[in-house]
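Each chain is listed here by its residues.
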Amino acid sequence: MEYKQTRQGYVDGLLELAAEIPELVVLDADVAKATKTVDFQAAHPHRFFNCGVQEQNMLSVAAGLALEGFLPFASTFGVFATCRAGDQLRNSIAYPSLNVKIGATHCGITTGGDGASHQSNEDIAIVRAFPNMTVLVPGDYEEAKQATRAAARYTGPVYLRFGRDAYPVVPAVHGHFEIGKARLLRKGTDITIMTTGIMVHEGLLAAGILEEQGYAVRVVHFPTVKPLDERAVIAAARETGGIITAEEHSVIGGLGEAVAGVVTGACPCPVIRIGVRDVFGESGEASELLDKYGLRAVDIVGAARRLLIGVRD
Amino acid sequence: MQQKGKLDFLKEKSREIRKTIVEMVYRANSGHIGGSLGAADLVVALYYHLMEHRPAAPGWSERDRFILSKGHCTPVIYAVLADCGYFPKEDLNAFRRPGSHLQGHPYQPKTPGIEASAGTLGLGISTAAGMALGAKLKREKQYYYVLCGDGELQEGQVWEAAMFANKYKLDNMIVFVDRNYLQTDGNSETIMPLDPLPPKWESFGWSVREIDGHDFTRIIDAVEMAKREKGRPAVIIAHTIKGKGVSFMENVAGWHGTPPGAADFKRAMNELSNGI
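All values reported here derive from a predicted model rather than from experimental measurement.

**So, the overall build of chain B**
Broken down by element type, chain B carries 9 helices and 7 strands. In terms of C-alpha radius of gyration, chain B reaches 17 Å, essentially the compact-globule figure of 19 Å for 276 residues. Here chain B holds 276 residues, and 50% of them are scored as buried. A separation of at least 24 residues holds for 75% of the contacts in chain B among residues at least 6 apart in sequence.

Dropping the structure here:
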């Protein structure tokens, strides 16, 4: 199994785009070594602006650059982009719908050792709630790179969500990236597993385990959480009658609630949400935290079995 | 400058703009009248003398930009933009009404002549700094003017922006601080003291001037001097009277966000029409 960082996919995408889009500039808030934008700085020092520890100022500066026709990618940790600078994200960028891209790294529980203060498990919920925002949550390095490229070609505010850790490479998500389109990774009619972000790996593992138990499991991956591919959600509800969602994010406000919101209106069926329960995280290795907070294939399998045979494992 | 004719023109323009402000807020029964009246002379000096702009071509790339950071004072900028011809004066009748492009706080995508959205305090200097940086990257020569409130300086983001503009030597940026010592809840020095203001800005690397914000000669001279100073951003601390031009509104914090009733409206318009 090959492992690569999604944040590296972000910056490798930016490096490709720099040659194609002269208006592209990159901002960071004193975490360039962590977000990896330091690579962009080395290649394009005059198109890189380190704002210091000023996430709020950085997002409003990015708005100003967009108003002058630039294509700014503002980079920082997810928790800073959405919580510390939530007002600037809302009022400077989302409300006027400016062409600013937010490159948010260190999202989710796999941020690891820094602990709960740095583990943004709420960022999808926050940015989803802002009108005009597009929310991209790629599943591996290559999809992160493609999401970054797609964001640059799209006009309007985009939140790009990346992690800190090295995550499994998932070749199934390497096809053409289209904003707003889900990926059908496995066909099946007994039940559907819906994933976003790095949980695509665990979702596919879970589907394999369930297949060995005799179930035909559909797997649909959502690298775009907003706008949600509602057709893929409704088709799954109608054709498989039960949905498990899996995300490295709180069960509040993320993919699971987005899916449940569509299903309840269009074709009611059970939706079980796998994610961080309504708790703050803690320090630990990424793999330890995925185990402890119930974000593994085994957790998805357990939820699926509850739906399929009505028993608790 | 300073031929008498020009000064008389600006003074007369301010009087007209103040009347429009009072009418707008009275008609909407909502809006911020005191700060708008207080800042009228600054905005009039910019739009009718200092700034290069073309109302018929709001997107003209070389135009000077004005960013209203104290976003609640839309009555003054809307009155000026309508008078300049950016949009029909009749639009002012729908200020703060559903369907109108004239939102309570500035919204750039909708209103011709509004350069940046604002509303929550502290955004404007950062936004203008991003724009001014963009102009430097494009080697464009226009200026970026910002109007912020004094109470607004209590926002931490203002000082983040002050550091940023100094780092990137944004000498194409001139910030007016509307120093009237009054904010929503009362006197700024009892709520969260700001004095002494000039050394704060100086220590952040800005060139600082302090003027009477109702004296057109001082306003214009301060901007012209600021433009001659290269290599750093400029701030002009403009001492103003909140509610200026309407005797019973002057220096009264209560007129921050309260619209006038019918009797007060009549008195105010009478004063502005005939002079106090």
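**Focus: the overall build of chain A**
Per the secondary structure count, chain A includes 13 helices and 14 strands. Relative to the globule expectation of 20 Å for 313 residues, the C-alpha radius of gyration of chain A, 19 Å, shows essentially globular dimensions. If one aligns the C-alpha atoms of chain A with their principal axes, the spans along those axes are about 60 × 40 × 30 Å. Counting across all 313 residues of chain A, residues that qualify as buried make up 59%.

**Topic: the environment of Lys181(A)**
Mapped onto the elements, Lys181(A) comes out in the loop between strand 8 (166-168) and strand 9 (183-186). Separated by 51 residues in the primary sequence, Lys181(A) and Ala232(A) place their C-alpha atoms 8.4 Å from one another.

**A few points about the sheet that holds strand 1 (residues 65-68) of chain B**
Residues and elements named next belong to chain B. Pairing is parallel in the open sheet, where 5 strands are placed in the order 1-2-3-7-6. Lying at the two open borders of the sheet, with one neighbouring strand each, are strand 1 and strand 6 (207-212). Shown here is a sheet whose adjacent strand axes are inclined to one another by a mean of 20 degrees, direction ignored. The strands that helix 8 (residues 216-228) touches are strand 3 (173-179), strand 6 and strand 7 (234-239); relative to strand 6, the one it contacts most, it runs at about 170 degrees.

**What to know about the pairing of strand 2 (residues 144-149) of chain B**
Residue and element names in this part refer to chain B. The element strand 2 is largely enclosed, with a buried count of 6 among its 6 residues. Of the two faces of strand 2, the one holding Tyr144, Val146 and Cys148 and the one holding Tyr145, Leu147 and Gly149 are both buried throughout. Where strand 1 lies against strand 2, 4 bridges are found, and the strand directions are parallel. Residue pairing across strands places Phe66 opposite Tyr145, the latter belonging to strand 2. Across 6 bridges, the pairing between strand 2 and strand 3 is parallel. When the sheet's bridge partners are listed, Val146 is paired in strand 3 with Val175. For the segment spanning strand 2, helix 5 (residues 156-167) and strand 3, crossover handedness is right-handed.

**With respect to helix 4 (residues 55-67) of chain A**
Between its terminal C-alpha atoms helix 4 of chain A stretches 19 Å, which fits the 18 Å expected from 13 residues at 1.5 Å a residue. Where burial is concerned, most of helix 4 of chain A is hidden: 13 out of the 13 residues are buried.

**Brief notes about the confidence of the model for chain B**
Per-residue confidence for chain B gives a mean pLDDT of 96; residues scoring 70 or more make up 99%. Interface confidence in the predicted complex, given as ipTM, is 0.96; pTM for the same model is 0.97.

**Focus: the interface of chain B and chain A**
Between chain B and chain A, the residue contacts involve 22 residues of the former and 21 residues of the latter. Looking at the side of chain B that touches chain A, the elements that each hand over two or more residues are helix 4 (124-137) and helix 5 of chain B. The leading source of residues in the side of chain B that touches chain A is helix 4 of chain B, at 9 residues.

**Remarks on unusual backbone geometry**
Omega for the peptide link from Lys226(A) to Pro227(A) comes to 0 degrees, which places this bond in the cis form. Summarising the element assignment, Pro227(A) is placed in the loop between strand 12 (224-226) and helix 10 (230-240). Residues Asp195(B) and Pro196(B) are joined by a peptide bond in cis, for which omega reads -5 degrees. Structurally, Pro196(B) is set in the loop between helix 6 (188-191) and helix 7 (197-203). Of note, Asp30(A) is a non-glycine position whose phi angle comes to about 65 degrees, a positive value. Even without a glycine there, the phi angle at Lys36(A) is positive, about 80 degrees. Secondary-structure assignment places Lys36(A) in the loop between helix 2 (32-35) and helix 3 (38-43).

**Structural notes on the nonpolar core**
Of all hydrophobic cores here, the largest spans 183 residues; its most connected members are Val43(B) and Ala129(B). For this core, the leading source of residues is helix 2 (residues 34-50) of chain B, giving 10 residues.

**What about the sheet that holds strand 6 (residues 134-136) of chain A?**
Residues and elements named next belong to chain A. An order of 3-2-4-5-7-6-12 is seen for the 7 strands of this open sheet, with the pairing classed as mixed. Among the strands making up the open sheet, the edge pair consists of strand 3 (48-50) and strand 12. Each neighbouring strand pair of the sheet contributes to a mean axis angle of 20 degrees, computed without reference to strand direction. Here 5 bridges tie strand 2 (residues 24-28) to strand 4 (residues 71-77), and the two strands are oriented parallel to one another. Residue pairing for strand 4: Leu24 is matched across the bridge by Leu71. Helix-sheet contacts for helix 1 (residues 6-20) involve strand 2, strand 4, strand 5 (101-105) and strand 7 (158-161), and the interaxial angle to strand 2 is about 145 degrees. Of the strands in this sheet, strand 2 and strand 4 are in contact with helix 4, which crosses strand 4 at around 170 degrees.

**What about the packing of helix 4 of chain A against helix 4 of chain B?**
Contact geometry for helix 4 of chain A and helix 4 of chain B: axes closest at 6 Å, N-to-C directions at 45 degrees. In terms of axis orientation, helix 4 of chain A runs oblique to helix 4 of chain B. Read as a crossing pair, helix 4 of chain A and helix 4 of chain B show a hand that is right-handed. Each of Asn57(A), Ser60(A), Val61(A), Ala62(A), Ala63(A), Gly64(A), Leu65(A) and Leu67(A) in helix 4 of chain A lies in contact with helix 4 of chain B, whose residues at this interface are Ser126(B), Thr127(B), Ala128(B), Ala129(B), Gly130(B), Met131(B), Leu133(B) and Gly134(B). Of the residues assigned to the contact of helix 4 of chain A with helix 4 of chain B, the class counts are 9 nonpolar, 7 polar and no charged.

**As for the environment of Glu142(A)**
Residues and elements named next belong to chain A. Here Glu142 is to be found in helix 8 (residues 141-153). For the pair formed by Glu142 and Tyr293, sequence separation is 151 residues and the distance between their alpha carbons is 26 Å. Glu142 has contacts with Gly9 and His174, leaving out every residue within four places of it along the chain.

**So, the packing of helix 1 (residues 4-28) of chain B against helix 9 (residues 262-274) of chain B**
Residues and elements named next belong to chain B. Closest axis-to-axis distance for the helix 1/helix 9 pair is 10 Å, and the angle between their directions is 170 degrees. Between helix 1 and helix 9, the interaxial angle falls into the category roughly antiparallel. Contacts from Arg15, Arg18, Lys19, Val22 and Tyr26 of helix 1 reach helix 9 at Phe265, Ala268, Met269 and Leu272. Grouping the constituent residues of the contact of helix 1 with helix 9 by class yields 6 nonpolar, no polar and 3 charged.

Each value, and the rule that gives it
Positions within a chain are numbered from 1, following the residues in the order the chain's sequence is written. Here chains are named by letter from A upward and ligands by number from 1 upward, in the order in which they appear as written. Residue-level local features of this predicted model are given only where pLDDT is at least 70; pairs of side-chain atoms are given and counted only at 80 or more, and the full residue set underlies all totals for whole chains, interfaces and linings. We count a stretch as a helix when DSSP gives it H or I for four or more residues in a row; a strand needs E for two or more, and each element gets its number in order from the N terminus. C-alpha atoms define the radius of gyration in this analysis, and the globule rule sets the expected value at 2.2 Å times the number of residues to the power 0.38. Comment: burial labels come from other C-beta atoms within 10 Å of the residue's own C-beta, placed from the backbone, where a count of 20 or more is buried, 12 or fewer is exposed, and between is partly exposed. Residues are defined as contacting one another if the C-beta atoms placed from their backbone atoms lie within 7 Å. In this analysis, strands are considered paired if DSSP registers two or more bridges between them. Note on geometry: axes are lines fitted to C-alpha atoms, helical ones only across the stretch in contact, with angles between N-to-C directions running from 0 to 180 degrees. Handedness is read with the strands pointing away from the viewer; a crossover is right-handed when the path from the first strand over the helix to the second is clockwise. Helix span is expected to be 1.5 Å times the residue number reduced by one. On a scale of 0 to 100, pLDDT captures the predictor's confidence in every residue. Under the definition applied here, buried Ala, Val, Leu, Ile, Met, Phe, Trp, Tyr and Cys residues are grouped into a nonpolar core through C-beta atoms within 7 Å. Our angle categories are set so that under 35 degrees counts as roughly parallel, over 145 as roughly antiparallel, 65 to 115 as roughly perpendicular, and the remainder as oblique. Whether a crossing is left-handed or right-handed is set by the direction in which the near helix is turned from the far one by less than a right angle, anticlockwise for left-handed and clockwise for right-handed. Polarity classes work like this: nonpolar for Ala, Val, Leu, Ile, Met, Phe, Trp, Tyr, Cys and Pro, charged for Asp, Glu, Lys and Arg, and polar for all others, with Gly in that last group.

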